[in-house]
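Read off the chains here:
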Amino acid sequence: MKLIAQLTLLPTETATLADGSMVQFRRAGNAAAPVSHVLLHGIGSASASWLAQLQAAQHCAHADVHVLAWDAPGYGGSTPVAPAAPTAADYAVRLWAWLDGEPAATRPLTLVGHSLGAMMAAAATCQMPRRVGRLVLLAPALGYASASAEQREKKLADRLAKLANLGPAGMAHARAPAMLSEPRDADHLAFIEHVMAAIDPAGYTQAARMLAGGNLLADLRQVRCPVTVASGSADSITPAPACQALAVQIAAPYITLGAVGHSCALQAADRVNGLLQLRGDRT
């Protein structure tokens, strides 16, 4: 079965929060157990990008595995955050408001962020340090807060111009190959393009503005729980040397996921599942 078709086996759910906002997400594992892992996707992605991890959770030998993967505010059926130019903290507030409504979210989580999701995960850990037992950053985006205002504006303008000129589907077709290392698996490529083509331009624009003003390192310097940084050596979007340097700056271990690209949760699924302790079939 093609990866796109496999998504139907992990349908989305929707939670309505106290303020009327909505969070769309996918769930896998033992729903009766306390939430063990929360997965936060990157800027051109969605909860679907964690397909391999959700599938592993469904078959994990550990009965206490309960995984949630959200569609970030402005993605899928999730209500956007209010600011036109939000910070990572704005997304983190929504994250905790959502998890407050999960009766099983009672133990320290393994919080996992990929690319832009790493910034949201770090901000969330700063806000609620006792609720995060472990922070895992996959191919983390650092943010451009330390760049000059001119550089930040150019990065943002270039990204938004590409979206405006190509539209979500055109941008997905153009950008999907860069998410994988060669040789590219055709099913992986089609899946990434499918997920990216579904982005909402308004939500993507907010996320791009957050990236332009974000500073992952500043948040990580406040984090006290164990942190792991991992990425692929063939990642051209968040290159391995930058990820390694980040790990050194916060005295965290760096793990290579092999010669894979930016979509490491898909292309290096077995390694990522092992890192997150999601391997092991139920007997």
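Structural data are supplied above this passage.
The shown structure was predicted, so the numbers you read here are calculated from the model rather than taken from an experiment.

Draft legend 1. Molecular detail of the packing of helix H5 (residues 149-175) against helix H7 (residues 201-213). H7 packs onto H5 with a crossing angle of 160 degrees between their chain directions and a minimal axis gap of 10 Å. With respect to each other, H5 and H7 are oriented roughly antiparallel. With respect to the hand of their crossing, H5 and H7 are arranged in right-handed fashion. The segment H5 lies against H7, with Arg152, Leu156, Arg159, Leu160, Leu163, Pro168 and Met171 engaging Pro201, Tyr204, Thr205, Ala208, Arg209, Leu211 and Ala212. In the contact of H5 with H7, the residues fall into 10 nonpolar, 1 polar and 3 charged.

Draft legend 2. Region of the structure containing the packing of aromatic side chains. By the definition in use, this model includes 2 aromatic pairs. Ring geometry for Phe25 and Trp98: centres 5.2 Å apart, planes at 50 degrees, overall tilted. One end of the pair, Phe25, is in strand E2 (residues 22-29); the other, Trp98, is in helix H3 (residues 88-100), with 73 residues separating them in the sequence. A residue is classified by how much of its surface remains accessible, and Phe25, at 2% relative accessible area, is buried. Centroid distance Trp70 to Trp98: 6.0 Å. Interplanar angle 15 degrees. Geometry classified as stacked. Placement of the pair is Trp70 in strand E4 (residues 66-71) and Trp98 in helix H3, with a sequence separation of 28 residues. For the pair formed by Trp70 and Trp98, the shared burial category is buried.

Draft legend 3. Spatial organisation of the pattern of salt bridges. Taken as a whole and assessed by the stated rule, the structure comprises 6 salt bridges. Two residues, Asp64 and Arg107, come together in a salt bridge whose shortest N-O distance is 3.6 Å. With Asp64 in the loop between helix H2 (51-58) and E4 and Arg107 in the loop between H3 and strand E5 (109-114), this residue pair connects regions lying 43 residues apart in the sequence. Here Lys154 makes a salt bridge to Asp158, at a shortest N to O gap of 2.8 Å. Note that Lys154 and Asp158 are positioned in helix H5 at a spacing of 4 residues, about one turn of the helix.

Draft legend 4. Quick look at H5. Its 27 residues place the ends of H5 only 26 Å apart at the C-alpha level, less than the 39 Å of an ideal helix rising 1.5 Å per residue. Maximal helix bending in H5 amounts to about 110 degrees, located at Gly167; proline Pro168 follows within four positions. Buried residues along H5 sit against helix H6 (186-197) and H7.

The rules we used
Residues numbered from 1 in each chain as written. Predicted model: local features only at pLDDT ≥ 70, side-chain atom pairs only at ≥ 80, totals over all residues. Heavy atoms only, no water. Axes fitted to C-alpha atoms, helices over the stretch in contact; angles between N-to-C directions. Helix = DSSP H or I, 4+ residues; strand = E, 2+ residues; numbered from the N terminus. Parallel < 35°, antiparallel > 145°, perpendicular 65-115°, else oblique. Left-handed = near helix turned anticlockwise from the far one by under 90°. Contact = heavy atoms within 4.5 Å. Nonpolar A, V, L, I, M, F, W, Y, C, P; charged D, E, K, R; others polar. Phe/Tyr/Trp six-rings, centres within 6.5 Å; stacked < 30°, edge-to-face > 60°. Buried < 20%, exposed > 50% of the residue type's maximum accessible area, 1.4 Å probe, protein only. Salt bridge = Lys/Arg side-chain N within 4 Å of Asp/Glu carboxyl O. Expected span 1.5 Å × (residues − 1). Bend = angle between axes of the 7 residues up to and from the residue.

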